[in-house]
Amino acid sequence: MKMEEIPTLPQDIIIEILIRLPLKTLLKFRSVSKSWLSLLSDTQFHKTHINISMNNPKFTDYTLAAVSTVSGLGKICHVYTISSVNSSVIVSKHGCPSKTLSLSAWILGSCNGLICLTTDSFNLMVLNPCTGKFNVFPNLNIEYEVGDGGVHIRYGFGYDAYAEDYKVVKMFSFPRIDDEGRHVNMVSVYSLKGSSWSSIQGFDSGHVNGNVGVFANGVLHWEGCYDYVSGGVSLEIVTLDLATERYGRIALPRYEGGGIRWTLGESRGRLVACCNYESNKADMWVMKEYGVETTWTKLVTISSPDDGRVNISPLFVSENGDEVLVKLGTEVTLYNSRNASFKRIVDYVSGDFLQVQVATYLESLASPHV
């Protein structure tokens, strides 16, 4: 008896189905056949899957990575999955944290499922914690004369969609002796596609406060860039477009008087800014339409539960904005604006914390080798 042939779907239909599946399923499907492995390794498939994931608010493949340095215990890594269920944020421990991430000394940013970080050997690494693939390359060191004000090092990591290239930015910021409050910034960019560092035009500014730039809409953002104007301080965001290598500025939302400290974040592709006041409260804002300063919209006002002043940094915002995941000092906490409650998320081991770095990222198949 002749066996019936199993019907085969057209390739375009298979692709349309696969790009809408969660990452954990796609990881298993890589072993189905060589043709599926080739498809799931294609960079165009990766980009399409990421775009669909970011535009689907019910997609659950957001992940939180936290790396902490604990006195006497070295570096430890925590990886958690962030899920959006009925417009609420559910955070659960990731089943398979990457051992590679525990080697890091500092997280320098995240983009398209990739994390950029330093390593103990003073190299830089771009890592996909989901696939375990990573790319290690030398950090940039330059010779310079350090004045009385020293030098401040700033980093950034993002994706140049025009060149289809992931880039790492390193900024050397020197205080100007002849102009108090002003800095000269020397900037270099590492191209993963070109496997090399190159210098780009630098810029003068006030103090760039953010150690790590936040990537959104093809642009890196550093908070707390200020100038001394007419005896006062002008707060703003300094930006670098990775495609054009042009600098820009974005005005921050209106804020109350008093001592403040701004922190930046990105959630679901949108820029988020948090204004920390001396009064132990913080206003969190989201830019609804990128580049349009009038679309800054206040999400919530948070009162810190701690007696001492700590900065609140935004990590993730739920679909309806009622819940926000924040870094509160060295703690990762979920704040519920409906009842003004805090829920501690990351369960660190006991010890004296020296530093804690966190990053949220959308899980993907993106390769760190361009």
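Residues numbered from 1 in each chain as written. Predicted model: local features only at pLDDT ≥ 70, side-chain atom pairs only at ≥ 80, totals over all residues. Heavy atoms only, no water.

K.L.:
Please clarify how the overall build of the chain should be interpreted in this entry.
P.N.:
Scanning the chain for helices and strands turns up 4 helices and 24 strands. Buried positions account for 49% of the 370 residues belonging to the chain. In the chain, the share of contacts with a sequence separation of at least 24, taken over all contacts with a separation of at least 6, comes to 48%. For the chain, the computed accessible surface area is about 18000 Å², with 51% contributed by carbon and sulfur atoms. (Helix = DSSP H or I, 4+ residues; strand = E, 2+ residues; numbered from the N terminus. Buried < 20%, exposed > 50% of the residue type's maximum accessible area, 1.4 Å probe, protein only. Contact = heavy atoms within 4.5 Å. Areas by Shrake-Rupley, 256 points an atom, 1.4 Å probe, with all protein chains shown as cover.)

K.L.:
When you look at the sheet that holds strand E19 (residues 296-303) in this model, what are you seeing that I'm missing?
P.N.:
Pairing is antiparallel in the open sheet, where 4 strands are placed in the order E16-E17-E18-E19. Each edge of the sheet is formed by a strand with only one pairing partner; in this case those strands are strand E16 (260-267) and E19. Taking each pair of neighbouring strands and ignoring which way they run, the sheet shows an average axis angle of 20°. Where strand E18 (residues 281-287) meets E19, 7 bridges bridge the pair, whose relative direction is antiparallel. Bridge assignment links Lys281 to a residue of E19, and that residue is Ser303. (Pairing = 2+ DSSP bridges. Axes fitted to C-alpha atoms, helices over the stretch in contact; angles between N-to-C directions.)

K.L.:
How do you make sense of the pairing of strand E8 (residues 152-160) when you look at a structure like this?
P.N.:
The two faces of a sheet get side chains in turn, since along a regular strand they alternate between them. In terms of residue burial, E8 counts as a mostly covered element, since 7 of its 9 residues are buried. Between the antiparallel neighbours E8 and strand E9 (residues 165-175) lie 4 residues, among them Glu164 with a positive phi of about 55°.

K.L.:
Can you walk me through the nonpolar core in this structure?
P.N.:
A general tendency of soluble globular proteins is for nonpolar side chains to be buried together. Formed by 45 residues in total, the largest nonpolar core has its most connected members in Phe157, Tyr166, Val168, Val169, Trp222 and Leu325. Per-element tally for this core: the top contributor is E9, with 6 residues. (Core = buried A, V, L, I, M, F, W, Y, C linked by side-chain atoms within 4.5 Å.)

K.L.:
I'm lost on the layout of surface pockets in this one. Help?
P.N.:
Considering only enclosed or pocket space, the largest pocket measures out at about 860 Å³ in volume. Counting only elements with at least two residues in the lining of the largest pocket, the list comes to strand E4 (104-111), strand E12 (214-216), E16, strand E20 (312-317) and strand E24 (353-362). Take the lining of the largest pocket: its biggest share by element is 6 residues, from E24. By residue class, the composition of the lining of the largest pocket is 13 nonpolar, 15 polar and 4 charged. As a volume, the second largest pocket reaches approximately 650 Å³. (1 Å grid on protein atoms, 1.4 Å probe; cavity = no way out; pocket = protein on both sides within 12 Å on 5 of 7 lines; lining within 4 Å. Points joined across faces, edges and corners; volume = space filled by probe spheres on them. Nonpolar A, V, L, I, M, F, W, Y, C, P; charged D, E, K, R; others polar.)

K.L.:
How should the pattern of salt bridges be read in this particular structure?
P.N.:
Where charged atoms from two side chains of opposite charge come close, those side chains can pair. For the structure shown, the criterion picks out 8 salt bridges. A salt bridge links Glu363 to Lys24; its shortest N-O distance comes to 3.5 Å. Of this pair, Glu363 sits in the segment after E24 while Lys24 sits in helix H2 (residues 23-29), and the two are 339 residues apart along the sequence. (Salt bridge = Lys/Arg side-chain N within 4 Å of Asp/Glu carboxyl O.)

K.L.:
Whenever I open this one, helix H4 (residues 43-54) confuses me. Can you help?
P.N.:
Structural remark: α-helix, 3.6 residues per turn; residues separated by three or four positions point the same way. An ideal rise of 1.5 Å per residue puts 16 Å on 12 residues; H4 measures up with 17 Å between its terminal C-alpha atoms. At the N-terminal boundary of H4, the capping side chain belongs to Asp42, with an oxygen 3.1 Å from the backbone nitrogen of Gln44. (Expected span 1.5 Å × (residues − 1). Polar contact = N/O pair within 3.5 Å; in protein donor to acceptor, adjacent residues only side chain to side chain.)

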